[in-house]
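Okay, here's what each chain looks like letter by letter:
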Amino acid sequence: MIVGVLGLQGDFREHLQALERMGVERRDVRTPEALQEVDALIIPGGESTTLSKLMNMYGLTPVLQKQARKGFPVYGTCAGAILIAKEVEDGKPQGLGLMDITVARNAYGRQLDSFETDLNIKTIGKFHGIFIRAPKITRCGSGTEILAEQDGDPVLVRQGAMLAGTFHPELTHDSRVHEYFLRMIG
Amino acid sequence: MAERGTFKVKSGLAEMLKGGVIMDVTNAEQARIAEEAGAVAVMALERVPADIRVQGGVARMSDPTKVKEIMETVTIPVMAKCRIGHFVEAQILEALGVDYIDESEVLTPADPENHVDKFKFSVPFVCGARDLGEATRRLAEGAAMIRTKGEAGTGDVIEAVRHIRLINKQIRQVISSPEDELVRLSKEWGAPLEILKLIQAEGKLPVVNFAAGGLATPADAALMMQLGCDGVFVGSGIFKSDKPDRRARAIVQAVTYFNDAAKLAEISEGLGEPMKGREAKSLEPQELLQTRGH
């Protein structure tokens, strides 16, 4: 299995390093062709508006949407969680609609409200969560499972082969969320 | 317990900006154009460096009205500049809630000896550097992101290239030096030893390093990326050019596809006149911005 990491912008290198530590075959994905050659995709943290524009400009959006309809697994962190959502509250950018959740951008406030804290993740246990200008998942549709919450807000949610997290496991040296994603998609 | 303002959270925002373009803007309209073009952040300021150069006078922090207006216009992070050592300007910018402060040589320095003690702030700082000594001194003061100084407002990329090449060379030197030679390098460069040890252990700077100062074209941006920068700042290069929106979009694309010459060729087409610029070599020593702060 080859896991792709969307390499258009953001901290994709840290995701690739996490996969490297786990000994997983991985690829930096920047084109529709490269997207068709991987078996799963991680959308990293970054600026969701920038990522969305580049995905549209270079034809990645329709290819990803088509693949996702056939059960192609995607894990989105922070900006990635915004992109895979069905709805984004201010509609800027529009979600790709891969997962039935609604997301509000910059929902904790500005950078001064960014924080780190310990989370308790189902089946994983205690995990250090780093939240940077993070979004909030404000609605979880049917068939979603909430794997972790912070102050009552879902911060890690799964639906089928989709996983959305509002924190950054790639900024820690802890690969357990990445391992969970790989186990999830078998 | 949720902890705010930690170093991890400060340097973490810079990690999210990687592979992106941070654009200088002077009003809400320019901020909107920058966001629409795909900028990862904007730098709110009163005058772009090219105008500061021409108009002269003391360059200071922007009027808070301007910063607030830009913060209300865009949803991407907003940065703002304070003068070197002017910790009260920094306090004001923090109170306004900006996402990053650039303690910048582009503004007239306020302290001849000291930079801001950046550990005292919850808001993260980015600082310019010409060499590893300067970069590590800024890190020792609490900077969470580094950028080359280049020579702002010239549209001439040579100084930014000089600075990143020197920083890269010095990092290689640190990595390959036995520990007892680090003491000498530390003395020679005025670089805090602890940070040199950290660089040796990690094999790289412990924070994100962007290019800045004189970038004017998509090719300039891709050049800096190929030289190993994590992303780019473009100041006067966008809004002093013919078609700011097209140029801004092209530079964003060039930073993503910096290794793809065929795409860069497409991206570089039909952008109109770049900023006219001024050869950095033609500047008198007192006109140089990069020598401010050390």
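The structure contained in this document is the topic of the report that follows.

**Quick word on the overall build of chain B**
Move 1: Helix and strand counts for chain B stand at 13 helices and nine strands.
Move 2: By the compact-globule yardstick of 19 Å for 294 residues, chain B fits well, its C-alpha radius of gyration being 18 Å.
Move 3: With respect to the principal axes defined by its C-alpha atoms, chain B has extents near 55 × 45 × 45 Å.
Move 4: The contacts of chain B with a sequence gap of at least 6 include a subset with a gap of at least 24, amounting to 66%.
Move 5: Within the structure as shown, chain B displays about 11500 Å² of accessible surface, and the carbon and sulfur contribution to it stands at 50%.
Move 6: Computed over 37 positive and 43 negative side-chain charges, the separation of the two mean positions in chain B equals 2 Å.

**Some words on the packing of helix H10 (residues 218-226) of chain B against helix H12 (residues 244-256) of chain B**
All names here are of chain B.
Move 1: Packing of H10 against H12 brings their axes to within 8 Å, and their N-to-C directions diverge by 25°. What the angle tells us is that H10 and H12 run roughly parallel. H12 is crossed by H10, and the crossing has right-handed handedness. Residues Pro218, Ala221, Ala222 and Met225 of H10 form the contact with H12, whose own contacting residues are Arg247, Ala250, Ile251, Ala254 and Val255.
Move 2: Of the residues that constitute the contact of H10 with H12, the class distribution is eight nonpolar, no polar and one charged.

**Things to note about the pattern of salt bridges**
All names here are of chain A.
Move 1: Scanning the model with the defined rule gives 37 salt bridges over all chains in all.
Move 2: Residue Glu47 is joined to Arg105 by a salt bridge in which the shortest nitrogen-to-oxygen separation is 3.6 Å. With Glu47 in the loop between strand S3 (40-43) and helix H3 (48-57) and Arg105 in the loop between strand S6 (99-104) and strand S7 (115-121), this pair connects stretches of sequence that are 58 residues apart.
Move 3: Glu47 sits in the buried class, given a relative accessible area of 7%.
Move 4: Assessed through its relative accessible area of 12%, Arg105 is described here as buried.

**Side note on the side chain of B:Gln253**
Move 1: Residue position: B:Gln253 is located in helix H12.
Move 2: According to the relative accessible area criterion, B:Gln253 is buried, its value standing at 13%.
Move 3: Apart from residues lying up to four places away in sequence, B:Gln253 is in contact with A:Leu54, A:Met57, A:Tyr58 and B:Ile267.

**Comments concerning the interface of chain A and chain B**
A common way to report how large an interface is uses the accessible area buried once the components associate.
Move 1: Tallying the contact residues gives 36 residues for chain A and 44 residues for chain B.
Move 2: Here chain A meets chain B over a buried area of about 3300 Å², counting both sides, of which 54% is carbon and sulfur.
Move 3: Together, A:Arg110, A:Gln111 and A:Leu112 form the three largest contributors to the area buried by chain A at its contact with chain B, with a combined 21%.
Move 4: Our enumeration of links across chain A and chain B arrives at six salt bridges.
Move 5: Where B:Asp230 meets A:Arg13, a salt bridge forms, and the shortest distance between an N and an O atom there is 3.1 Å.
Move 6: Within the residue set of the side of chain A that touches chain B, elements represented by two or more residues are helix H1 (12-21), H3 and S7 of chain A.
Move 7: The dominant element in the side of chain A that touches chain B, judged by the number of residues it contributes, is H3(A), at five residues.
Move 8: Grouping the constituent residues of the side of chain A that touches chain B by class yields nine nonpolar, 13 polar and 14 charged.
Move 9: Relative to strand S1 (residues 3-4) of chain B, S7(A) is paired through two bridges, and the arrangement is antiparallel.

**A look at a nonpolar patch on the surface**
All names here are of chain B.
Move 1: On the surface, a nonpolar cluster with roughly 240 Å² of combined accessible area is contributed by Phe87, Val88 and Ile92.
Move 2: Within the element layout of this structure, Phe87 appears in helix H5 (residues 87-96).
Move 3: With a relative accessible area of 46%, Phe87 lands in the partly exposed category.

Conventions we followed
Residues numbered from 1 in each chain as written. Chains lettered and ligands numbered in written order. Predicted model: local features only at pLDDT ≥ 70, side-chain atom pairs only at ≥ 80, totals over all residues. Heavy atoms only, no water. Helix = DSSP H or I, 4+ residues; strand = E, 2+ residues; numbered from the N terminus. Rg over C-alpha atoms; globule rule 2.2 N^0.38 Å. Contact = heavy atoms within 4.5 Å. Areas by Shrake-Rupley, 256 points an atom, 1.4 Å probe, with all protein chains shown as cover. Lys, Arg positive; Asp, Glu negative; His and termini not counted. Charge placed at Lys NZ, Arg CZ, Asp CG, Glu CD. Axes fitted to C-alpha atoms, helices over the stretch in contact; angles between N-to-C directions. Parallel < 35°, antiparallel > 145°, perpendicular 65-115°, else oblique. Left-handed = near helix turned anticlockwise from the far one by under 90°. Nonpolar A, V, L, I, M, F, W, Y, C, P; charged D, E, K, R; others polar. Salt bridge = Lys/Arg side-chain N within 4 Å of Asp/Glu carboxyl O. Buried < 20%, exposed > 50% of the residue type's maximum accessible area, 1.4 Å probe, protein only. Buried area = accessible area lost by both parts, 1.4 Å probe. Pairing = 2+ DSSP bridges. Patch = residues over 30% accessible without salt bridge, like charges linked within 9 Å, V, L, I, M, F, W, Y side chains within 5 Å.

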